[in-house]
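Residues per chain, in single letters:
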Amino acid sequence: MSEQLTEKERKAQEQLAKVRHSMAHVMAEAVLEMFPTAQIAIGPAIENGFYYDFDLPRQLTNEDLDEITERMKKIIGQDKKFVRTVVSRDEARKRFSDQKYKLELLDAIPEDEEVSLYNQGGFTDLCRGPHVESTKELHADAFKLLSIAGAYWRGKETNPMLTRIYGTAWNNAKELRLYMEHLADIEKRDHRKLGKELDLFSLHEEAGPGLVYWHPRGARIRQQIENFWREEHYKNGYEIVYTPHVGKSWLWETSGHLGFYKDSMYPPMEMDNMDYYVKPMNCPFHIMIYQNSKRSYRDLPFRWCELGTVYRYEKAGALHGLMRVRGFTQDDAHLFVTPDQMDGEIREVLRFSLYMLHSFGFQEIKAYLSTRPEKAVGEQERWDAATEALRKAIEAEGLDYEVDNGGGAFYGPKIDLKIKDAIGREWQLSTVQFDFNMPERFKLTFVDKDGVEKRPYMIHRALLGSIERFFGVLVEHYAGAFPPWLAPEQVKIIPVGEAYFDYAKQLEGRLRQAGLRVSSDLGDDRMNAKIRNAQKLKTPYMLVIGEKEASGDLVAVRTRTGKQSTVSTGEFIKQVQEIVASKQQLE
RNA sequence: GCCAAAGUAGCUCAGCGGUAGAGCAGCUCACUCGUAAUGAGCAGGUCCUGGGUUCAAUUCCCAGCUUUGGCUCCA
């Protein structure tokens, strides 16, 4: 199932990576022309482009980017050859004696590896390559410098901050244009922008950053998501639980959260000489329910789910719209299972997860299997068994997957599912995680057939992740044009004139009785303006009502996609109900 | 948290060392309308907050808060 590239595609990709990497060198040359004392760090090719990190004598402005661009164009036009030479370490050290970052990189190259330099005339870089033969292969009209950003040297928070310049580069001007259009599309779909335009939600710095306010229209969508979620959980053998928002410190000490994540938790509140913490996770609470009685192997598995709102102190600079917030609702569940049940339960969780994601319109899904890291709790056999269970489940579902060796949490291996949205971006939504830690820490037991108390296995899982984030992804995926089953308002009734206001209200009542989300526009705008307003809100159906419709029990349907038709009111209701029931998108 | 940029009306933005402007939205009035904006009028602002410089600060400087783009982080 994995993406197989043909030889030709692979070569084309390699070439483009070389172009981008070489662009980075050209940019470095241009920057050194402008700032001869600049320290240069690294400059790789990345997805869609390249960057280079510099330590510069002053801050860069956008005008500087223009000048760098002009200089790069000049360099490209000179047909400079990229020449590779292998040198000794001493030579390299001499060459870069005034470049401290390069010296550091040089020291990091293993003894048995060659040290190679690439030169294109005025610029030599310590570099493994590969590069294009000559700047002839680069296209002055197919690159663009995009942004200036700060980046830690070697990505380490404690290291100095360098100036990074990002650029994009392509094979020709047309590809660049398409990419720039893609960026514009991303901007149009931005959930923060659409959230305002469609009046879905807001954030209020004065009331607390990273905390989401759901407006009626956003809340309608959320209700649809949650209702569907609850129904499906009951259908799939889960029980819904509700747990508190705060708990005494011993809970978080026992769970280990205070030890590992204290900095990311909201500070405690003191009451009756006790510290209470706002929950950053739901698991300890579900565990309290588990411990409420002695559990038998006959009771297991327990599948307890909760739309649990948690609070985490995210760093100020990390907040981003709905995607990264400080208060969010996990569509959480914890499964307490016997070792025998593990395989089957994992398989079911995965199947359920895929079903949910498909229901929301995500078809392309990829799995990531993360295995035991260096530092981990739990015996090796349990890790092996759990990891195998995860792998078997992925393979049974025929999912394309990658293994992230050592990428698991310290308490257990996990599967993450990433979806691809309408414009090809990946978002991680579902996660299924084994936990060898909590049952141990809370000393969970069940009495097995043989009368012996044993540890249950515990599985954490979230299908949508956080409702806030999932909602943000949905907004961007659909660009705000939600399929009718999710749309906050499905139908807008637009009378052609005041004479039909009464009929509009009557029709509205009838549609509402039929379960549709509908309202009438009885303002004093002209019909055209009303259509425009409904269209801007991406309302799926607009019903224009006048004499013909009122007298014939008809509706003139205009969909937001621009299709028009006239059908009987009954027929319209039936059609919409069908589309809603089948969760189809409007065509 | 770190680097950089930004913060002016509900929204999108212009402007500027002499205490502010547009479009849209809102309100009022007129128009009574057949598939993406009818017209006119009115109202709306501690120019993010706190200091400093200055005769005078929304404008310049400093600090803070928030947002944006990255970096780091993300149980």
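Predicted, not measured: the structure shown is a model, and the values here were computed from it. (Residues numbered from 1 in each chain as written. Chains lettered and ligands numbered in written order. Predicted model: local features only at pLDDT ≥ 70, side-chain atom pairs only at ≥ 80, totals over all residues. Heavy atoms only, no water.)

A. Representation of the packing of aromatic side chains within the structure. Within this structure, the stated rule accounts for 30 aromatic pairs. Aromatic pair Trp 383 and Phe 436: ring centres 5.5 Å apart, planes at 65°, arrangement edge-to-face. Linking Trp 383 in helix H12 (residues 380-396) with Phe 436 in the loop between strand E20 (426-435) and helix H13 (438-441), this pair joins segments that are 53 residues apart in sequence. There is no split in this pair, since Trp 383 and Phe 436 are both buried. A centroid spacing of 5.9 Å and a plane angle of 40° characterise the contact between Phe 434 and Phe 436, whose relative ring orientation is tilted. Look at Phe 434 and you get buried, because its relative accessible area is 0%. The structure contains a cluster of three or more aromatic residues connected by ring pairs, namely Phe 228, Tyr 355, Phe 360, Phe 362, Phe 470 and Trp 485. Here the guanidinium or amino end of Arg 222 rests over the ring plane of Trp 214, the centre of that ring lying 4.7 Å away. Its end group placed over the ring of Tyr 368, Lys 418 keeps NZ or CZ at 4.4 Å from the ring centre. (Phe/Tyr/Trp six-rings, centres within 6.5 Å; stacked < 30°, edge-to-face > 60°. Helix = DSSP H or I, 4+ residues; strand = E, 2+ residues; numbered from the N terminus. Buried < 20%, exposed > 50% of the residue type's maximum accessible area, 1.4 Å probe, protein only. Lys NZ or Arg CZ within 6 Å of the ring centre and 35° of its normal.)

B. Region of interest: the pairing of strand E14 (residues 274-278). The sheet contact formed by strand E12 (residues 246-248) and E14 spans 3 bridges and is antiparallel. When the sheet's bridge partners are listed, Lys 248 is paired in E14 with Tyr 276. Sheet analysis places strand E13 (residues 269-271) next to E14, joined by 3 bridges and oriented antiparallel. By the bridge assignment for E14, Met 271 is matched with Met 274. (Pairing = 2+ DSSP bridges.)

C. Just empty space enclosed by the protein, in detail. Summed over all chains, the structure comprises 1 cavity of 30 Å³ or more. In this structure, the largest cavity occupies an estimated 40 Å³ of space. If you trace the largest cavity, you find it lined by Arg 217, Gly 480, Phe 482, Ala 487, Pro 488, Glu 489, Leu 537, Lys 538, Thr 539 and Pro 540. (1 Å grid on protein atoms, 1.4 Å probe; cavity = no way out; pocket = protein on both sides within 12 Å on 5 of 7 lines; lining within 4 Å. Points joined across faces, edges and corners; volume = space filled by probe spheres on them.)

D. Seen up close, the protein's contact with RNA strand B. Around RNA strand B lies a shell of 48 residues, among which Tyr 152, Met 161, Arg 324, Arg 532 and Glu 549 are the nearest. The contact atoms of RNA strand B, taken as those within 4 Å of the protein, divide so that sugar and phosphate hold 48%. Between a sugar or linking oxygen of RNA strand B and a side-chain N or O atom of Gln 433, the distance comes to 3.4 Å. Elements supplying a minimum of two residues to the surface near RNA strand B: strand E7 (143-152), strand E8 (161-169), helix H6 (191-197), helix H9 (257-261), helix H16 (527-536), helix H17 (547-552) and strand E27 (554-559). Residue contributions to the surface near RNA strand B peak at 6 residues, all from H16. (Near = heavy atom within 4 Å. Polar contact = N/O pair within 3.5 Å; in protein donor to acceptor, adjacent residues only side chain to side chain.)

E. Quick look at the sheet that holds strand E4 (residues 83-87). With respect to topology, 3 strands assemble into an open sheet ordered E4-E5-E6, the strand pairing being antiparallel. Only two strands of the sheet have a single neighbouring strand rather than two, namely E4 and strand E6 (124-126). Each adjacent strand pair in this sheet contributes to an overall mean axis angle of 30°, direction not counted. The pairing of strand E5 (residues 115-119) with E6 spans 3 bridges and is classified as antiparallel. Bridging from a neighbouring strand, Leu 117 pairs with Leu 126 of E6. (Axes fitted to C-alpha atoms, helices over the stretch in contact; angles between N-to-C directions.)

F. Representation of helix H15 (residues 501-513) in the model. Taking 1.5 Å per residue, 13 residues should reach 18 Å; H15 reaches 18 Å between its end C-alpha atoms and fits that length. Taken as a whole, H15 has its buried residues at Phe 501, Tyr 503, Ala 504, Leu 507, Glu 508 and Leu 511. Axial view of H15: buried residues confined to an arc of 150°, hence all on one face. Away from its buried face, by an angle of more than 90 degrees, H15 presents the exposed residues Asp 502, Gln 506 and Gln 513. One or two positions beyond H15, positive phi appears at Gly 515, with a value near 90°. (Expected span 1.5 Å × (residues − 1). Arc of directions from axis to C-beta.)

G. Molecular detail of helix H2 (residues 62-77). Over its 16 residues, H2 runs 23 Å from end to end, which matches the ideal 22 Å to within 8%, given 1.5 Å per residue. Residues of H2 that are buried include every one of Asp 64, Leu 65, Ile 68, Thr 69, Met 72, Ile 75 and Ile 76, and no others. One face of H2 carries all of its buried residues, which in axial projection span an arc of 140°. In H2, those exposed residues whose orientation departs by more than 90 degrees from the buried face are Glu 63, Lys 74 and Gly 77. Buried positions along H2 lie against helix H1 (7-34), strand E3 (49-55), E7 and E8. (Contact = heavy atoms within 4.5 Å.)

H. Here's a closer look at the pattern of salt bridges. For the structure on display, the rule yields 42 salt bridges. The salt bridge partner of Asp 79 is Lys 81, with a shortest N-O separation of 3.4 Å. Judged by its relative accessible area of 47%, Lys 81 is partly exposed. Salt bridges sharing common partners tie together Arg 222, Glu 226, Arg 230 and Glu 468. (Salt bridge = Lys/Arg side-chain N within 4 Å of Asp/Glu carboxyl O.)

I. Spatial organisation of the packing of H15 against helix H18 (residues 569-581). The contact between H15 and H18 brings their axes to 11 Å, and the two run at 40°. Relative to H18, H15 is oriented oblique. Considering only the axes of H15 and H18, their crossing is right-handed. Along the contact surface, H15 presents Tyr 503, Leu 507, Arg 510 and Leu 511, while H18 presents Thr 569, Gly 570, Phe 572 and Ile 573. Across the contact of H15 with H18, the residue classes break down as 5 nonpolar, 2 polar and 1 charged. (Parallel < 35°, antiparallel > 145°, perpendicular 65-115°, else oblique. Left-handed = near helix turned anticlockwise from the far one by under 90°. Nonpolar A, V, L, I, M, F, W, Y, C, P; charged D, E, K, R; others polar.)

J. Highlighting the layout of surface pockets. Of the voids in this model, the largest pocket is the one considered here, and its volume is about 1100 Å³. What lines the largest pocket is a set of 42 residues, among which Met 281, Arg 312, Phe 328, Gln 330 and Gln 433 lie closest to the centre. If you list the elements that add at least two residues to the lining of the largest pocket, you get H9, strand E16 (327-337), strand E19 (414-420), E20 and strand E23 (457-466). Of the residues that constitute the lining of the largest pocket, the class distribution is 16 nonpolar, 15 polar and 11 charged. Mapping the lining of the largest pocket onto the domain boundaries places at least three of its residues in each of domain 2 (196-243 + 282-478) and domain 3 (244-281). (Domains from an automatic or database assignment.)

Note that every value here comes from positions in space, so none of it alone points to a role or purpose.
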